[in-house]
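# Summary of the model geometry
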2 protein chains.
Amino acid sequence: MAVDVSSLSERSVEMLMTSDHTSVVSMNLFVALLCACILLGHLLEESRWMNESITALAIGLCTGVIILLTTGGKSSHLLVFSEDLFFIYLLPPIIFNAGFQVKKKQFFRNFMTIMTFGAVGTLISFAIISLGAMHFFHKFNIGSLKIGDYLALGAIFSATDSVCTLQVLNQDETPLLYSLVFGEGVVNDATSVVLFNAIQSFDLSHINTSTALQFIGNFLYLFAASTILGVVAGLLSAYVIKKLYFGRHSTDREVALMILMAYLSYILSELFYLSAILTVFFCGIVMSHYTWHNVTESSRVTTKHTFATLSFVAEIFIFLYVGMDALDIEKWRFVSDSPGKSIAVSSILLALVLVGRAAFVFPLSFLTNLTKKSPSDKISLKQQVTIWWAGLMRGSVSMALAYNQFTRSGHTDLRANAIMITSTITVVLFSTVVFGLMTKPLVRILLPSSKHIGSMISSEPSSPKSITVPLLSNGQDSEVWIEIGFSVHLFIHSRIWGVVTAFYTR
Amino acid sequence: MAVDVSSLSERSVEMLMTSDHTSVVSMNLFVALLCACILLGHLLEESRWMNESITALAIGLCTGVIILLTTGGKSSHLLVFSEDLFFIYLLPPIIFNAGFQVKKKQFFRNFMTIMTFGAVGTLISFAIISLGAMHFFHKFNIGSLKIGDYLALGAIFSATDSVCTLQVLNQDETPLLYSLVFGEGVVNDATSVVLFNAIQSFDLSHINTSTALQFIGNFLYLFAASTILGVVAGLLSAYVIKKLYFGRHSTDREVALMILMAYLSYILSELFYLSAILTVFFCGIVMSHYTWHNVTESSRVTTKHTFATLSFVAEIFIFLYVGMDALDIEKWRFVSDSPGKSIAVSSILLALVLVGRAAFVFPLSFLTNLTKKSPSDKISLKQQVTIWWAGLMRGSVSMALAYNQFTRSGHTDLRANAIMITSTITVVLFSTVVFGLMTKPLVRILLPSSKHIGSMISSEPSSPKSITVPLLSNGQDSEVWIEIGFSVHLFIHSRIWGVVTAFYTR
């Protein structure tokens, strides 16, 4: 076993990390572009339309054009988009930070609504997009797509990217809306990845009731086991740091241990074929709720900002990467024969995204409102439109899943697969740029709070997500802090919904 | 150009980052081992003998044995030691942090002494080890070593690893000694890497006066250009962060920009074939002196601890890696025919290390003492012995350089090369473990300060390096803070020694 790995990493280390001068050149360019994105994002902060994602995407596209011109149309990217690089290195800090910075009080107060939107809603959206694609794509002659491909398309286009909207919403003014959009975004990511993995690992050639039940059982098992693993990893880190009294001498050891244990939970989850994204999200929540209270003051400041910075850089990295990769010639070759067909496919997918989301946001909001008594807890129509809009953007998760399904190690050989990849790129670019640019004005029209406009002019909302979440909410509920030993006992012996209830009722 | 890179990274990404289950297993094991090292290091902190490096080395060796047994003697490591991984990802944070955390007042007060020891001393040690190896190795029949190999051996075994000693020395009690050992360690690392690169890039088959002069000129150019690049990168980051007033909204952007610009200076230096290690060291110094004063309070806490944590984890990673790789079967195959010869070679190298260091520490201390007037500034004999001892350990830089010189992508085919690799491993392990274990007792005998022993019992000194440097020294010289605009002008227009003098006289 170790033999394979060693020879494997030997070859790849040799290739990837060779002191080859060209690879040093591209690393330089990439790091310099990251710096440029941060600088430009900062300078454009006052702008009414822009945000960091669009800036990075634009810089990526421009660089792609320049590389395309200098190489004589041969290549447009410095690095090939790899879903493994994405899932192993870039996604964990983003999702962990989301869990770490979430205002837990709001999150767990609206837990049921969030889960309904994130899990049930994503399933509805998935069903509509899959069925819609099956229905419409038959009419085009775009090559052979299997049933697994259609289901994968549903999962791919159910993964939303709500970063743009979160940058505009104000957590203090519209706490309900913010926590709904934020929470739904994370649960939605996890749900689509779990769905996608479930689809890939199942033999879908003959579906019957038993396989369908097995599929649902598998889905629930993944959900529960992943959450438990994340919670256990978080509690273990809290226990170890408290018991061994790490902060006595060293802030660095505490910080290192937190980072390493969070990452360990992620790859352990990968090891057991669970949903690593859910694991690390819950690990982040538990760490910010327990571990964070057991470390020194400077560790608290450090971890809070380190996690936010890592997430911030990873996000920019992804958008830069996507922007550069969008112009890859190889993928567009198949499309150039029939541009009309490609535009049609992209338009249909975009329409399905719009319909698929509307099909669950408004009905589920109606159902949720029935369960609420106080009018302030109900979701107003304007808020429903905002929620609907917030999930229209498609981002890096969709890209990564599409690459995973439709390419073999970065290459697209089949005509149908190439069209699916370019359509995904088109939908991601269009939704991020067009819908993204419209978000700020739209939210301003829908939620015209005077304070909100004021803070918008002072450009506060367009700062990165981690800033929009000004402080960890831990300070708020420190009174309900429960002795960790008891909690460990409580949590390990309770099931997934037990955990949720314990959080929810606190 | 970009085409090569893309196809290159495509293949390697495919191999390295494949979702292959075995690679996930080894990643899990590696991260878990890192956690174990931190935990054990913390628990063994009170111990009289141990330190974190030795703990990591021991855990690495134990894991190597276990893997060796489970794979039936086929392999001992999870990852193959790659000098590129080391130089591109692990070394930069360690060296940057060294520059960032150094007490600049002490460092620049003793600048000439440090440079004398670090640069001239390393050259003396290099000459003695190279000549000694040439003299003695001819007698053994160990295969063909060229003159370049002998010179490389000199550079390899001139690179010291003073981490063990620094963990024991107390910066507040013996500031002179601490800054000498610390500063010499960094300059020594840089000098040996610069020397090594100069040797590799020169045609050494026929040496005459002109090539020797060219060699020296090249060495000085590398030294000066690398330093200037680091200083400029640091000043640029300070200027950008101050002018654009980043902290206004976002701590994370400041932190991200500092990390990215520091890394950019490192790879830019690689790009121009300079000494990246020197560049990033001076970038760290300038960043802690200028940039650090222009960021928000939380950015200061965050950067200080983040850099220390990164450096800490990278150090443990390296020792774990070296420990695991030490048992690699392939390398020991050649040696098993003639164990006596291998022991003889290792012993000679170890003796040359001892002699080579003695040959410059005592004479140079004598010369330095001649220039000092106050007795407190002079280096006492006991301190000289401590300095000599502090540089006897050989560590990861030696390993990385040896792999670079004597292997082709992790494999050792030639008999002579295999013996050189195993001898390097032997010297590194022996010096780190045996000399490392003796450091604490030795320093206690040589420098028996009552307060020092007191703090030693409370286990303060054995905390990691970053803790032994309790706070950045910036607070001390904030009064002499000079307007950044002027400084930029001053620095860019002055030459390397001008920069040094500006620092020194401040």
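Scroll up a little and you will see the structure.
Here we summarise the structure given alongside this text. Because the structure is a prediction, the values reported are computed rather than measured.

### Notes on the overall build of chain A
In terms of regular secondary structure, chain A is built from 22 helices and 0 strands. The buried share of chain A, taken over its 506 residues, is 64%. The long-range fraction of contacts in chain A, counting pairs at least 24 apart against all pairs at least 6 apart in sequence, stands at 83%.

### Description of the nonpolar core
Formed by 284 residues in total, the largest nonpolar core has its most connected members in Phe137 and Met420 of chain A together with Phe137 and Met420 of chain B. In this structure Phe137 of chain A touches Ile142, Leu145, Tyr150, Leu153, Val345, Ile348, Leu349 and Met420 of chain A, once residues within four positions along its chain are discounted.

### Topic: the packing of aromatic side chains
Residue and element names in this part refer to chain B. For the coordinates displayed, the defined rule picks out 34 aromatic pairs over all chains. With 4.9 Å between their ring centres and 75° between their planes, Phe100 and Phe307 make a pair best called edge-to-face. One end of the pair, Phe100, is in helix H4 (residues 83-101); the other, Phe307, is in helix H13 (residues 297-325), and 207 residues separate them in sequence. As far as the burial class goes, Phe100 and Phe307 line up, both buried.

### Examining helix H7 (residues 147-156) of chain A
Residue and element names in this part refer to chain A. H7 sits mainly inside the fold: 9 of its 10 residues count as buried. All of the buried residues in H7 are Gly148, Asp149, Tyr150, Leu151, Ala152, Leu153, Gly154, Ala155 and Ile156. Turning to H7, the residues buried within the fold contact helix H6 (111-137), helix H9 (175-201), helix H17 (396-406) and helix H18 (415-446).

### A closer look at the state of the cysteines
Taken as a whole, this structure holds 0 disulfides over all chains when the rule is applied. Note on Cys283 of chain B: no disulfide assigned, nearest cysteine sulfur contributed by Cys35 of chain A at a separation of 11 Å.

### Structural notes on the pattern of salt bridges
All names here are of chain A. This structure, assessed with the given rule, holds 4 salt bridges over all chains. A salt bridge links Glu184 to Arg357; the nearest nitrogen and oxygen atoms lie 2.7 Å apart. One end of the pair, Glu184, is in helix H9; the other, Arg357, is in helix H15 (residues 339-371), and 173 residues separate them in sequence. Classification of Glu184 by relative accessible area gives buried; the value is 4%.

### Digging into the environment of Lys104 of chain B
Checked against the element boundaries, Lys104 of chain B lands in helix H5 (residues 104-109). Separated by 69 residues in sequence, Lys104 of chain B and Cys35 of chain B have C-alpha atoms that sit 32 Å apart.

### What to know about unusual backbone geometry
Unusually for a residue other than glycine, Tyr273 of chain A sits at a positive phi of about 60°. Given a relative accessible area of 59%, Tyr273 of chain A falls into the exposed group.

Definitions and limits used
- Residues numbered from 1 in each chain as written.
- Chains lettered and ligands numbered in written order.
- Predicted model: local features only at pLDDT ≥ 70, side-chain atom pairs only at ≥ 80, totals over all residues.
- Heavy atoms only, no water.
- Helix = DSSP H or I, 4+ residues; strand = E, 2+ residues; numbered from the N terminus.
- Buried < 20%, exposed > 50% of the residue type's maximum accessible area, 1.4 Å probe, protein only.
- Contact = heavy atoms within 4.5 Å.
- Core = buried A, V, L, I, M, F, W, Y, C linked by side-chain atoms within 4.5 Å.
- Phe/Tyr/Trp six-rings, centres within 6.5 Å; stacked < 30°, edge-to-face > 60°.
- Disulfide = S-S within 2.5 Å.
- Salt bridge = Lys/Arg side-chain N within 4 Å of Asp/Glu carboxyl O.

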